[in-house]
2 protein chains.
Amino acid sequence: MLRGNQTWWFEQRPVIIGASSVVGPDEGEGPLASDFDLIHPELDMQQKSWEKAERLLMEQASDFAIRHAGIQKEQLQFYIGGDLLNQIISSSFAARDLGVPYLGMFGACSTSMETLALASQLVNSGSASYALAGTSSHNCTAEKQFRYPTEYGAQKPPTAQYTVTGAGAAIIATEGDGPVVACATIGKIVDLGVSDPFNMGAAMAPAAVDTIQSHFNDTGRQPSDYDLIVTGDLANVGHRIASDLLERGGVPMRDTTFGDCGLMVYDVEKQKVQAGGSGCACSAVVTYGHLLKRIASGELKRILVVATGALLSPLSYQQGETIPCIAHAVAIESKEAN
Amino acid sequence: MLRGNQTWWFEQRPVIIGASSVVGPDEGEGPLASDFDLIHPELDMQQKSWEKAERLLMEQASDFAIRHAGIQKEQLQFYIGGDLLNQIISSSFAARDLGVPYLGMFGACSTSMETLALASQLVNSGSASYALAGTSSHNCTAEKQFRYPTEYGAQKPPTAQYTVTGAGAAIIATEGDGPVVACATIGKIVDLGVSDPFNMGAAMAPAAVDTIQSHFNDTGRQPSDYDLIVTGDLANVGHRIASDLLERGGVPMRDTTFGDCGLMVYDVEKQKVQAGGSGCACSAVVTYGHLLKRIASGELKRILVVATGALLSPLSYQQGETIPCIAHAVAIESKEAN
């Protein structure tokens, strides 16, 4: 099942039988608004804290995914979840609500595809019949934890990114209707020495490039095999760097459409989101809310989602460390594509 | 490969071909001292911060495990790691050092067996030929992050536990010499409403019991099938509660030896460790340092390690939340046991 050095090839073709996305107000004003299952008009979602609001997002996304999959909660066998918060509390509290065996993961913003890759691997290998992959982020929990509480009104440079408020979930099964998870390339840490947490796109770009190149090496595929390749949250600065690096590396990305979820989830020109979106939920809501619908409609046959993560902590930054980055890529395709 | 509701049965019998444990001074004064690969005489390990010391532990444990396995670093295909620190920085920085595809996990102190379970699953399913599972904790990083910096000299109640300073790592392979990972039971969240972070043993005990019962239900095994069943870090208070709950639940634990890594790693009567040891490294260094040697010597044929985790964060506690707990169980046996 391992193909090449770091790619899991899913020969049983596990299926995403249900997926969902729940978002906050800013995402609800973005260009993908009509694709989300639920848009909260307020950032607090009538909860007493930002953290409780984020947990609600994760729980709602899980509930929608279960409903869309047409299964009962009791049929779920594993929940593979993670988020940005210290000790991934959003996921763990959501896991308490779900009441199924739980594996917590942390990959910063790459968690969306890290959890989807693992859930698909479990189903593909017969270790689960139904597995839920999910992740969440909230603009105010992330600002508070990684930078300053939003109430301070701290200024940001234009290279900073805006954490998506939302949660995305997908249920993977051995069979059923829906797109297929074809393979997943698990990333290595890449750290080229960037230490500015307000320029994470630049820090993460080389990790995305490394995983994309490894994916093509391992699978023998090439960019033209995909109708769309999207990075998770490189945003304006990082995505340009990734494009340049790929061109220099001889990867013909002009043969496909190369996008970034952080540039798709907002209208970056009009909304005040600096360089674009970020956060675990960024690639999750774009993939589960938007991209899967374009596969279902037949517009896209095969896509590669390359979720990027910056594995720093405020403390590692304060101690003068650079930012270790990673990217995990998952190929999703219509059942007919093969 | 799924047996029952939540147990992965490893029919390919993946082998732990190398394991290691590196610890700090307190563990070096405990009863298992002679089993560890390296004992640091100072808590700071000549590093500039406690966090850098913890990372060093993880890197050293990985290096020893690779050496003991008799493989080259380049043969490793995946590193499955996690720790207690925010954004699991010890693992992620160690992953940068290793340079192999990396999956970060978080299960608090259950991370030891969460990572071993997943590494074994990957090898068993053909998703990896060599996978490294590892985890670490450091008394001073944990105190600083979860409670108070040790320099404050804050007092603690006798129900509190003492975080183990150490790291443990194991390399799982499709074949080779060493004990076999037979199966793993993935836990569900159990939260009976305990909210006192100075009594985590009591909070975690019901999760251990739930996983032990599920393990026997799923596998058809019973306590007498094991020479030893150990919980991860319930310590004095929690282990007694777990024993009581199992007895009331009709699980005949008197047919086996039922221990706790938190009570084994220190001399709880003589060392100032309150109720006993805790931390990700607690079950990791006891399992990888001590128990595997007792399997190798033939003294133990088959053991079940039930690593427990309290999935709280300081923030969830401050917001009045109770403590969601989990336990993952892994059965390890000599090759001859079957």
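It should be emphasised that the depicted structure is a prediction, and the values quoted were computed from it without experimental measurement. (Residues numbered from 1 in each chain as written. Chains lettered and ligands numbered in written order. Predicted model: local features only at pLDDT ≥ 70, side-chain atom pairs only at ≥ 80, totals over all residues. Heavy atoms only, no water.)

**Describing the packing of helix 2 (residues 50-69) of chain B against helix 3 (residues 89-98) of chain B**
Residues and elements named next belong to chain B.
- Interhelical geometry of helix 2 versus helix 3 gives an angle of 50° and a closest axis separation of 9 Å. Classified by the angle their axes make, helix 2 and helix 3 are oblique. The chirality of how helix 2 crosses helix 3 is right-handed. Mapping the contact onto sequence places Glu51, Glu54, Arg55, Met58, Glu59, Ser62 and Ile66 in helix 2 and Ile89, Ser90, Phe93, Ala94, Arg96, Asp97 and Leu98 in helix 3.
- Considering only residue class, the contact of helix 2 with helix 3 consists of six nonpolar, two polar and six charged. (Axes fitted to C-alpha atoms, helices over the stretch in contact; angles between N-to-C directions. Helix = DSSP H or I, 4+ residues; strand = E, 2+ residues; numbered from the N terminus. Parallel < 35°, antiparallel > 145°, perpendicular 65-115°, else oblique. Left-handed = near helix turned anticlockwise from the far one by under 90°. Contact = heavy atoms within 4.5 Å. Nonpolar A, V, L, I, M, F, W, Y, C, P; charged D, E, K, R; others polar.)

**Points about the packing of aromatic side chains**
- What the rule picks out here adds up to 10 aromatic pairs over all chains.
- When the centroid spacing of 5.5 Å and the interplanar angle of 40° are considered together, the rings of Trp8(A) and Phe78(B) count as tilted. Here Trp8(A), found in strand 2 (residues 7-9), pairs with Phe78(B), found in strand 5 (residues 78-83), and the two come from separate chains. The residues Trp8(A) and Phe78(B) share a single accessibility class, namely buried.
- Their ring planes at 55° and their centres at 6.4 Å tell us that Phe216(A) and Tyr226(A) sit as a pair that is tilted. Of this pair, Phe216(A) sits in helix 6 (residues 200-219) while Tyr226(A) sits in the loop between helix 6 and strand 11 (228-231), and the two are 10 residues apart along the sequence.
- Classification of Tyr226(A) by relative accessible area gives buried; the value is 1%.
- It is Arg55(A) that lies over the ring of Phe93(A); its NZ or CZ is 4.1 Å from the centre.
- Positioned over the ring face of Phe64(B) is Arg67(B), at 5.0 Å from the centre of the ring. (Phe/Tyr/Trp six-rings, centres within 6.5 Å; stacked < 30°, edge-to-face > 60°. Buried < 20%, exposed > 50% of the residue type's maximum accessible area, 1.4 Å probe, protein only. Lys NZ or Arg CZ within 6 Å of the ring centre and 35° of its normal.)

**Considerations on the relation of the copies chain A and chain B**
- By a simple turn and slide, chain A fits onto chain B: the slide is 0.0 Å along the axis, the RMSD is 0.0 Å, and the turn is 180°. On this basis, the relationship between the two copies can be described by a two-fold rotation axis. It is Met105(A) whose C-alpha, among those of chain A, lies nearest the rotation axis, at 2.0 Å. (Least-squares fit on C-alpha atoms with pLDDT ≥ 70 in both.)

**So, the pattern of salt bridges**
- Within this structure, the stated rule accounts for 24 salt bridges over all chains.
- The salt bridge involving Glu321(B) is made with Arg55(A); its shortest N-O contact spans 2.5 Å. With Glu321(B) in the loop between helix 10 (314-318) and strand 15 (325-333) and Arg55(A) in helix 2 (residues 50-69), this pair bridges two chains.
- Since its relative accessible area comes to 10%, Glu321(B) is described here as buried.
- Measuring nitrogen to oxygen at the nearest pair gives 2.6 Å for the salt bridge that ties Glu333(B) to Arg302(B). Placement of the pair is Glu333(B) in strand 15 and Arg302(B) in strand 14 (residues 302-310), with a sequence separation of 31 residues. The pair formed by Glu333(B) and Arg302(B) is uniform in burial state, with each residue classed as buried. (Salt bridge = Lys/Arg side-chain N within 4 Å of Asp/Glu carboxyl O.)

**Describing the domain arrangement of chain A**
Residues and elements named next belong to chain A.
- According to the domain assignment, chain A consists of domain 1 (2-173) and domain 2 (183-333).
- Computed from C-alpha coordinates alone, the two centres of domain 1 and domain 2 are separated by 17 Å.
- If you look at the interface, domain 1 gives 58 residues, while domain 2 gives 58 residues.
- Both faces combined, the contact of domain 1 with domain 2 buries some 4,600 Å², and carbon together with sulfur accounts for 64% of it.
- The tally of links between domain 1 and domain 2 comes to one salt bridge. (Domains from an automatic or database assignment. Buried area = accessible area lost by both parts, 1.4 Å probe.)

**Digging into the confidence of the model for chain A**
- The predicted model of chain A has a mean per-residue pLDDT of 96, with 100% of residues at 70 or higher.
- Model confidence for the complex: the whole-complex pTM is 0.98, and ipTM, which rates the interface, is 0.97. (pLDDT = per-residue confidence, 0-100.)

**Describing the pairing of strand 9 (residues 166-173) of chain A**
Residue and element names in this part refer to chain A.
- Buried residues dominate strand 9, accounting for eight of its eight residues.
- Where burial is concerned, the two faces of strand 9 agree: the one with Gly166, Gly168, Ala170 and Ile172 and the one with Ala167, Ala169, Ile171 and Ala173 are both buried.
- Pairing analysis gives eight bridges linking strand 3 (residues 15-23) to strand 9, with the strands arranged antiparallel. If you follow Ser20 over to strand 9, its bridge partner there is Ala169.
- Taken together, the eight bridges between strand 7 (residues 130-137) and strand 9 define a ladder with antiparallel strand orientation. Within strand 9, the position partnered with Ala133 by the bridge is Ala170. (Pairing = 2+ DSSP bridges.)

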